[in-house]
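The lines below spell out each chain.
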Amino acid sequence: MSHYDIAVIGGGLAGLSVLYHLKRAGKLSGKRVLLVDPQRKTAHDRTWSFWETGEGPFEELVYHRWDQVSLHNAHTHCTCDLAPYAYKVILSNDFYAHVNGILDGVGALTRVQGQASEVRSGPATASFQLGGETVTADIVFSSEPHPLDYREVKQPYLDQHFRGWFIETEEDTFDPRRASLMDFRTPQEGETRFFYVLPFSKRRAMVEIAIFSNEHLRTEQYDALIGDYIHAHWTQGPYRVYHTEGGNIPMTTYDYPRRTGNLIYIGLGGGAARPSTGYTFYGLQRQLMRLAAAFPDISATQVWPEKHRLYDATLLRILEQRKLRGDEVFVNLFQRNPPARVLAFLNGESTLWQELRLMGTTPIGVFGTTFVRELL
Ligand SMILES: Cc1cc2nc3c(=O)[nH]c(=O)nc-3n(C[C@H](O)[C@H](O)[C@H](O)COP(=O)(O)OP(=O)(O)OC[C@H]3O[C@@H](n4cnc5c(N)ncnc54)[C@H](O)[C@@H]3O)c2cc1C
């Protein structure tokens, strides 16, 4: 049996981030630390976008930033100046290389390539099985995914499933100063379906379709929709696809376990995705910075403010039960509010006054009754 002060299960975004913030807060010195993952991640397997004011903890890794975003539906569109926010993107390969490089310099860090199982918390330590051996640690951070079946969740639940193409055109096509945050100009098929376009230069962009529903498509179906959309709205000329990305983020107000004794759940498995949007990166960094500052006090595991769970349950229920169309809800929100108010709200950093003003711009009958129903 081996014992560590801190063990981290999973070397993806959450696992690497927690160690990074603990190191920056000076909380790893003199500690025996274990990081377990079946692989050392290096690939561009995720493109993390988020918005924030000022500089964040990974500023030097920002691959591109935008001060403006646009939104479209079939009837209307708007362009928003984001100040004081900026919309930013970090490529996972840059993140893994940077953080793994820093962690390699932590003398007392042991890396094991393996799969942890039987993860549990005891009275004074937490433990798991690894390669036929029992490992114990004073504190275990686990970013194992939390198994969830939407048919068994009583809270609102919608998958956000998506697929993106990174394309290079032969002619100037994009405006690299403006990202398209949500473009609903694609058949909605009774769901919430939108495109998301991140232009990195006049000729390079990520074009992604995201769908909020529990029915996933086959890869060729996403691809057909992306191809049609590029042809209809961006270019009829030739282009090449130089990278693809896809995935799924559960959007739900399900009560993910956050902590059992000395075992702390982090990342998607710890409920780090914002239920109403699926955005995770920013909220996760904010949570882990707070946790690292307070460490070894591990009581503060909250990712999103509690009141936002109710707001998100309201919005998700409206979309899930198709009481309003997603394309109208989201475009209206940005058209009727200063963008900074919407972005502060979605980042969980709005004031009550901002929230009330924002709610005043929604179809109040539907939102009001759904809100009260979720509250009860
Ligand atoms: C393609 C994609 C794009 C995304 N884009 C955005 C975005 O733009 N903005 C945003 O905010 N969020 C985004 N997300 C959501 C979220 O930020 C990511 O899913 C993020 O990677 C979640 O971090 P995580 O650590 O929970 O999971 P992961 O990064 O997947 O890491 C989990 C790690 O745990 C390891 N692991 C699992 N089980 C075990 C075990 N039993 N033992 C040992 N190791 C284990 C896995 O091998 C993996 O390396 C995206 C998600 C995906 C899939």
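That block above? That's the structure.
Criteria and thresholds
- Residues numbered from 1 in each chain as written.
- Predicted model: local features only at pLDDT ≥ 70, side-chain atom pairs only at ≥ 80, totals over all residues.
- Heavy atoms only, no water.
- Helix = DSSP H or I, 4+ residues; strand = E, 2+ residues; numbered from the N terminus.
- Expected span 1.5 Å × (residues − 1).
- Buried < 20%, exposed > 50% of the residue type's maximum accessible area, 1.4 Å probe, protein only.
- Arc of directions from axis to C-beta.
- 1 Å grid on protein atoms, 1.4 Å probe; cavity = no way out; pocket = protein on both sides within 12 Å on 5 of 7 lines; lining within 4 Å.
- Points joined across faces, edges and corners; volume = space filled by probe spheres on them.
- Nonpolar A, V, L, I, M, F, W, Y, C, P; charged D, E, K, R; others polar.
- Domains from an automatic or database assignment.
- Near = heavy atom within 4 Å.
- Polar contact = N/O pair within 3.5 Å; in protein donor to acceptor, adjacent residues only side chain to side chain.
- Areas by Shrake-Rupley, 256 points an atom, 1.4 Å probe, with all protein chains shown as cover.
- Pairing = 2+ DSSP bridges.
- Axes fitted to C-alpha atoms, helices over the stretch in contact; angles between N-to-C directions.
- Contact = heavy atoms within 4.5 Å.
- Patch = residues over 30% accessible without salt bridge, like charges linked within 9 Å, V, L, I, M, F, W, Y side chains within 5 Å.
- Salt bridge = Lys/Arg side-chain N within 4 Å of Asp/Glu carboxyl O.
- Phe/Tyr/Trp six-rings, centres within 6.5 Å; stacked < 30°, edge-to-face > 60°.
- Lys NZ or Arg CZ within 6 Å of the ring centre and 35° of its normal.

Asks: I'm lost on helix α2 (residues 92-104) in this one. Help?
Replies: For an α-helix the count is 3.6 residues per turn, leaving residues at separations of three or four pointing the same way. Taking 1.5 Å of rise per residue, 13 residues should cover 18 Å, and α2 covers 18 Å from first to last C-alpha, within 8% of that figure. Within the sequence span of α2, burial applies to S92, F95, Y96, V99, N100 and L103. An end-on view of α2 places all buried positions within 110° of arc, on one side of the element.

Asks: Explain empty space enclosed by the protein here, please?
Replies: With a probe scaled to a water molecule rolled over the atoms, the places where space remains empty come into view. In the structure shown here, the tally under the stated rule is three cavities of 30 Å³ or more. There is about 200 Å³ of room inside the largest cavity. R258, G271, P275, W304 and R309 are, among the 19 residues lining the largest cavity, the residues nearest its centre. Counting residues per element, the lining of the largest cavity draws most heavily on helix α5 (residues 306-320), which supplies four residues. Of the residues contributing to the lining of the largest cavity, the split by class is seven nonpolar, six polar and six charged. Of the domains in this structure, domain 1 (2-44 + 90-146 + 256-294) and domain 3 (306-375) are the two that each give at least three residues to the lining of the largest cavity. The space that makes up the second largest cavity amounts to roughly 40 Å³.

Asks: Looking at this model, I keep getting lost on the site of the ligand. Mind explaining?
Replies: Among the 29 residues in the neighbourhood of the ligand, the closest are listed as A14, D37, S49, T280 and F281. Between the ligand and R46, the relevant distance is 2.8 Å, taken from an oxygen atom to a side-chain nitrogen or oxygen of the residue. Separating a nitrogen atom of the ligand from a side-chain N or O atom of Q115 is a distance of 3.4 Å. Protein coverage of the free-state accessible area of the ligand, which is 970 Å², stands at 90%. Of all the elements in the fold, those that place two or more residues in the shell around the ligand are α1 (13-24), β2 (33-37), β3 (47-53) and β16 (239-252).

Asks: Where do I start with the sheet that holds strand β12 (residues 157-169) in this structure?
Replies: By definition, the strands of a sheet pair up through backbone hydrogen bonds, in either a parallel or an antiparallel sense. On the basis of which strands lie adjacent, the open sheet formed by seven strands has the order β6-β5-β13-β14-β15-β12-β16 and mixed pairing. Single-partner strands in this sheet number two, and they are β6 (77-81) and β16. Averaged over all adjacent pairs, the angle separating strand axes in this sheet is 15°, with direction ignored. Examined bridge by bridge, β12 and β16 share 13 bridges and lie antiparallel to one another. Bridge pairing in β16 places Q160 opposite I249. Most of the contacts of α5 go to β12, to which it runs at about 80°, and overall it touches β12, β14 (192-199), β15 (204-212) and β16.

Asks: How should I be thinking about a nonpolar patch on the surface in this particular structure?
Replies: On the surface, L352, W353 and L356 cluster together into a nonpolar patch covering about 370 Å² of accessible area. Within the secondary structure, L356 is located in helix α8 (residues 352-359).

Asks: How do you make sense of the packing of aromatic side chains when you look at a structure like this?
Replies: The geometry of an aromatic ring pair comes down to the distance between the two centres and the angle between the two planes. Going through the model one piece at a time under the given rule, you end up with 28 aromatic pairs. Taken together, the aromatic side chains of W51, Y63, W66, Y87, F166, Y196, F200, Y242 and Y279 make up a single cluster linked through ring pairs. In this structure, R274 is placed above the aromatic ring of W304, and the distance from its NZ or CZ to the ring centre is 5.4 Å.

Asks: Can you help me understand the pattern of salt bridges in this one?
Replies: Side chains that differ in charge, positive against negative, can pair when their charged atoms come close. Applying the stated rule across the entire model yields 27 salt bridges. Taking the shortest distance from any N to any O, the salt bridge between R185 and D183 comes out at 2.7 Å. Note that D255 is salt-bridged to R309, the shortest N-O span being 3.4 Å. Of this pair, D255 sits in the loop between β16 and β17 (259-260) while R309 sits in helix α5; the two residues are 54 residues apart in sequence, bridging distant segments of the chain. Three or more residues joined by partner-sharing salt bridges are found here, namely E52, E59, R65 and K88.

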